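Summary of the model geometry
These are the residues of each chain, in order.
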Amino acid sequence: MLTAIRNASGTRPGLFVPEVSFELLVKKQIAKLEEPSIRCADLVHEELENLVKVRAQNCNPLLKRFPALHKRITDTCLQIIKTQLPVTHHMIRQTVAIQLAYINTNHPDFIREVHGVNNPPEASCRVQESVTSLTGASWEDRTGRLQEAAHTHSHESLKPNNSLTNSQDRESHDSIVIEHLIKTYFNIVRKTVQDNVPKIIMHSMVNHVTENLQQLLVSQLYTPELIGDLLTESEEVTKFRKDIEERISCLRSAADILQSLKDPTGSREGLSRMLVL
């Protein structure tokens, strides 16, 4: 922080806290919001994938008869979720980039919070001018107000306090002021990001999947050349059906034999029809 203040002040110490050092330091803090925001989107993505996989394992038994269709539905659901993850990341990065593009020191919450600070009496003049330098309309207006305030005070009030007579004390004081300003502005941006990130995730990932999943499934599944492959039954179902057909055939043969023994000249159509039903 002291290095940023020295670089902004140059060889001559400024009469108020340098605005450049404030913007440089607060932007570094704002940029740190990107990583946890991206992680939040990743967690939601993982949760959606887990929901799809769990649902696929506990799906309707009728769907399990067709493993190719079951796999195609599961893969399609995972695909649309995966496709929306980079889109969500991009929107989150854009949100943080927007906050970094312009440091709005005229934000009402920032002005109200800064002007509500009670500073020590011996440093009140310098801190107030530092605040004014960051919340004014332009750099020239800030400087003009600073000069006007300097002329309105007496020579005694403008005389540096003993605690600020050397550069070390001045830098220490500037550090305290900038630290408070950074915390105040960062908290405002953090609340904005905390409010926007869940909305971005819901809009670009959750709601998009919910609204477009059915249409995507229709386009992926209702394809004439794939219908035969998708409706191919599993080997277990095919084997089970074959066993049942063999049993039915055996039962019909047994019924015919019994009927022939009971009534050799009678018709066997009635008993065969009953077995079929």
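Cut-off values and rules
Residues numbered from 1 in each chain as written. Predicted model: local features only at pLDDT ≥ 70, side-chain atom pairs only at ≥ 80, totals over all residues. Heavy atoms only, no water. Helix = DSSP H or I, 4+ residues; strand = E, 2+ residues; numbered from the N terminus. Contact = heavy atoms within 4.5 Å. Areas by Shrake-Rupley, 256 points an atom, 1.4 Å probe, with all protein chains shown as cover. Axes fitted to C-alpha atoms, helices over the stretch in contact; angles between N-to-C directions. Parallel < 35°, antiparallel > 145°, perpendicular 65-115°, else oblique. Nonpolar A, V, L, I, M, F, W, Y, C, P; charged D, E, K, R; others polar. pLDDT = per-residue confidence, 0-100. Patch = residues over 30% accessible without salt bridge, like charges linked within 9 Å, V, L, I, M, F, W, Y side chains within 5 Å. Salt bridge = Lys/Arg side-chain N within 4 Å of Asp/Glu carboxyl O.

When its secondary structure is counted, the protein chain shows 13 helices and 0 strands. For the protein chain, the sequential pattern of α-helices and β-strands runs α-α-α-α-α-α-α-α-α-α-α-α-α. The long-range fraction of contacts in the protein chain, counting pairs at least 24 apart against all pairs at least 6 apart in sequence, stands at 78%. When the accessible surface of the protein chain is totalled, it reaches about 18300 Å², and 56% of it is carbon and sulfur.

All right, on to the packing of helix α2 (residues 19-31) against helix α5 (residues 67-101) then. It is at 10 Å that the axes of α2 and α5 come closest, and there the two elements cross at 170°. Compared by their axis directions, α2 and α5 come out roughly antiparallel. Counting all contacts with α2, which are made through Lys27, Ile30 and Ala31, the residues of α5 involved are Val96, Gln99 and Leu100. Of the residues belonging to the contact of α2 with α5, the class tally is 4 nonpolar, 1 polar and 1 charged.

Where the model shows low pLDDT, its predicted coordinates should not be examined in detail. Here the protein chain shows a mean pLDDT of 74. Residues at 70 or above account for 65%. This model gives residues 142-161 a pLDDT under 50, and the stretch forms 19 contacts once residues within four places in sequence are excluded.

The next point concerns the environment of isoleucine 80. Examined against the element boundaries, isoleucine 80 turns out to sit in helix α5. For the pair isoleucine 80 and leucine 216, spaced 136 residues apart in sequence, the C-alpha to C-alpha distance is 8.3 Å. The residues contacting isoleucine 80, other than those within four sequence positions of it, are His208, Val209, Asn212, Leu213 and Leu216.

A word on the side chain of histidine 45. The topology assignment puts histidine 45 in helix α3 (residues 34-57). When residues no more than four places from it in sequence are discounted, the contact partners of histidine 45 are Ile81, Lys82, Leu85 and Met205.

Angle between the axes and distance between the axes are the two parameters that describe a pair of packed helices. Closest axis-to-axis distance for the α3/α5 pair is 10 Å, and the angle between their directions is 170°. Classified by the angle their axes make, α3 and α5 are roughly antiparallel. Along its contact with α3, which presents Glu34, Ser37, Ile38, Ala41, Asp42, His45, Leu48, Glu49, Val52, Lys53 and Ala56, the element α5 presents His70, Thr74, Cys77, Leu78, Ile81, Lys82, Leu85, Thr88, His89, Ile92, Arg93 and Val96. The residue makeup of the contact of α3 with α5, split by class, is 11 nonpolar, 6 polar and 6 charged.

Another aspect to go through is a nonpolar patch on the surface. A cluster of nonpolar residues, Ile257, Leu258 and Leu261, forms a patch on the protein surface that exposes about 350 Å² of accessible area. Position of leucine 261 relative to the elements: it lies in helix α12 (residues 235-262).

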